[in-house]
Amino acid sequence: MISFNTYRLKNGLRLLHYYDKNTQMVALNLLYDVGSKDENPKATGLAHLFEHLMFTGSKNAPNFDAPLQAAGGSSNAWTSVDITNYYETLPAQNVETAFWLESDRLRYLNLTDESIDTQKSVVIEEFKQRCLNVPYGDLYHFCNDLAYKVHPYRWPTIGLSVDDIKNASHEDIKSFFAQHYAVNNLILCVSGHIEFEKAVALTEKWFGDFAPANIPVRNLPQEPVQTEQRFMSVKREVPQNVLTMMYHMCGRCDADYQVCDMLSDVLSNGMSSRFYRNVLVKSGLFTELDASVSGTYDPGLFIVRARLADGVSFDKAKDAIDAELADFVSNGATAYEIEKCANKYESTRLFDMITYEKKGVKLCQYELLGDAADINKEVGKYRCITQDRLMNVAKNLLNPDNCSILYYGPDA
C-alpha cells in the first residue's frame, strides 16, 4: 500500500506527495498531459521536440542543467504518444532549486529562433540515427501506419518524417507550447525526504500565481472497428526477417486492459510461457517470439512479434503462431498459469516501484488516468482475473479479422 497526499492549487495544478524517510533526496516529477497524439497530422514530432526545447534555458536560468548540477541534482525527460514527463532528483536541502527551474521554464522558456532551429537540427539528427540509419529503425512507422487509419497513434512519437520537423514553423511551435504547457495541464509529484506542508508551500510559492490556460478540448478521431485482415510487406536489408501481428485492443482505462496484459504474459512471459514451450523451443522457426500490449491510454494494440530463423518463410512462421493462438482460444489458460502470471506481475511491480522516484512517476500516471489512489488497486485487478474471462477476451481479441500483419526483412 502506497500512502500519499494530494493538494490542488486554485489554478488547477494537481500536486501529489509521497514521503520517504529512508532517503535524503527529493524528486520532482512533472507530467504534462500532452503527447504526440495531440499533434497536427501535418506537423508531427512537436511533442518530442519540446522534450528538447525545455532544456534550452529560460529567462532567469539560461542554462537549465548548470544550477541543478551545482545543487547536486540531475534531470531527464521522456515523451510518449500520450504524455510528456520531466523529472529532477536532488538533495532535500536544495529542493527549491528544482522548483525555481521548473517554474521559470514554464513561464519564460527560451523559444528564440536560434534555440528552436538548434533543437530542430538535434531532433532531425536523432530521427536519422534512430529511424533511418539503423536496422529496423523504421519498423514501427510501418506498424503504426498499417494498424491505424485515423487515430493519431498512426505516427510514432518522434514524428512521421524528417520533413515534418524541418518544416514546422516557429509560430506553430510556440502555439503548441502555449496550448499545452500550463499549470492546469500539469500533474506534479514531490517524493522523497520532504514533508507535505513544505511541498505545498513550495508549490504555491513557485506555481501559485500562474494563470490557467485554455487547454484545447481533445476531439481525436476514433479508430473504426477493423473488419478484415490487413497485410503489408516491406523489403529491408536487415539481419533477420521480422513478423509482426497487431490486434486492436482496449485502452488503459478499460476494465479488460489487465486481462489483455495477462494474456500477453501467459503467451510469452518466461520460459514456462506458451510461446516459449510450444513454439520457440519445439519448432526451431524463431530466434525470438514475444507478445505485448502497447499500454496506450486510448485503445491500443496487442502485438505479437517474431524474429525468424534463417531460411524460414514468413508464411510458415505465421502458421505456427496462428496455430498456438487458435489452441489458446479453444482451450484457454489453466488456473495455475493465471496465478503464476499474477504473482509475476505483483513481484515485477513491487521492484519497479521500489524507489521514491518511481513512485512519483506512477502516481502522476494514475492521477492522469483518473485517480492516483488506483495505484493501490492494480494488483487486485490481476488477482481477480478468471479462466473464463481471459478466454472470452482472447476470443474477441484474437479474431483474424482484427489482425494487421507486417512482413519486414530481406525476404519480404
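Relevant structure appears above.
These numbers come from a predicted model, not from an experiment.

1. Re the overall build of the protein
(1) Moving on: Summing up its helical and strand segments, the protein has 15 helices and eleven strands in all.
(2) Moving on: Here the protein, with 412 residues, has 56% of them falling under the buried criterion.
(3) Moving on: In the protein, the proportion of contacts linking residues at least 24 apart, taken out of those at least 6 apart, comes to 81%.
(4) Moving on: In the form shown here, the protein has an accessible surface area of approximately 18200 Å², with 50% of it arising from carbon and sulfur atoms.
(5) Moving on: Each charge class in the protein can be summarised by its mean position, and for the 41 positive and 54 negative side chains these summaries are 2 Å apart.

2. Observations regarding the pattern of salt bridges
(1) Moving on: One pass over the full model with this rule turns up 21 salt bridges.
(2) Moving on: In this structure, the salt-bridge partner of Arg107 is Asp209, at a minimum N-O distance of 2.8 Å. Separated by 102 residues along the polypeptide, Arg107 in helix α3 (residues 95–108) and Asp209 in the loop between α8 (196–207) and β7 (230–235) bring together distant segments of the chain.
(3) Moving on: Its relative accessible area of 54% is what places Asp209 among the exposed residues.
(4) Moving on: When the shortest N-O distance is used, the salt bridge between Lys318 and Asp322 registers 2.6 Å.

3. Focus on the pairing of strand β6 (residues 186–192)
(1) Moving on: Counting buried positions along β6 yields seven of seven residues, so the element is predominantly enclosed.
(2) Moving on: Of the two faces of β6, the one lined by Leu186, Leu188, Val190 and Gly192 and the one lined by Ile187, Cys189 and Ser191 are each fully buried.
(3) Moving on: Note: strand β3 (residues 25–32) against β6, seven bridges, orientation antiparallel. Bridge pairing in β6 links Leu28 to Val190.

4. Thoughts on the sheet that holds strand β11 (residues 403–409)
Two pairing modes exist for strands in a sheet, parallel and antiparallel, and in both the strands are linked by backbone hydrogen bonds.
(1) Moving on: The five strands are arranged β7-β11-β8-β10-β9 in an open sheet whose pairing can be described as mixed. With one partner strand each, in any of the chains shown, β7 and β9 (286–293) form the two edges of the open sheet. Taking the axes of each pair of neighbouring strands and ignoring which way they run, one obtains an average angle of 10° across the sheet.
(2) Moving on: Examined bridge by bridge, strand β8 (residues 242–248) and strand β10 (residues 301–308) share seven bridges and lie antiparallel to one another. Counted as the bridge partner of Thr244 is Arg305 from β10.

5. Observations regarding the layout of surface pockets
(1) Moving on: The space that makes up the largest pocket amounts to roughly 1300 Å³.
(2) Moving on: Every residue lining the largest pocket is counted, 46 residues in all, and those nearest its centre are Ser80, Val293, Ser294, Gly295 and Thr296.
(3) Moving on: Put simply, the parts of the chain that give the lining of the largest pocket at least two residues each are α1 (46–53), β4 (74–79), α4 (113–132), α5 (139–147), α9 (257–268), β10, α12 (335–352) and α13 (356–369).
(4) Moving on: With six residues, the top contributor of residues to the lining of the largest pocket is α12.
(5) Moving on: A breakdown of the residues in the lining of the largest pocket according to their chemical character gives 22 nonpolar, 13 polar and eleven charged.
(6) Moving on: Estimates place the volume of the second largest pocket at around 380 Å³.
(7) Moving on: Along the wall of the second largest pocket there are 21 residues; nearest its centre are His248, Met249, Cys250, Asn396 and Asn402.

What counts and how
Residues numbered from 1 in each chain as written. Predicted model: local features only at pLDDT ≥ 70, side-chain atom pairs only at ≥ 80, totals over all residues. Heavy atoms only, no water. Helix = DSSP H or I, 4+ residues; strand = E, 2+ residues; numbered from the N terminus. Buried < 20%, exposed > 50% of the residue type's maximum accessible area, 1.4 Å probe, protein only. Contact = heavy atoms within 4.5 Å. Areas by Shrake-Rupley, 256 points an atom, 1.4 Å probe, with all protein chains shown as cover. Lys, Arg positive; Asp, Glu negative; His and termini not counted. Charge placed at Lys NZ, Arg CZ, Asp CG, Glu CD. Salt bridge = Lys/Arg side-chain N within 4 Å of Asp/Glu carboxyl O. Pairing = 2+ DSSP bridges. Axes fitted to C-alpha atoms, helices over the stretch in contact; angles between N-to-C directions. 1 Å grid on protein atoms, 1.4 Å probe; cavity = no way out; pocket = protein on both sides within 12 Å on 5 of 7 lines; lining within 4 Å. Points joined across faces, edges and corners; volume = space filled by probe spheres on them. Nonpolar A, V, L, I, M, F, W, Y, C, P; charged D, E, K, R; others polar.

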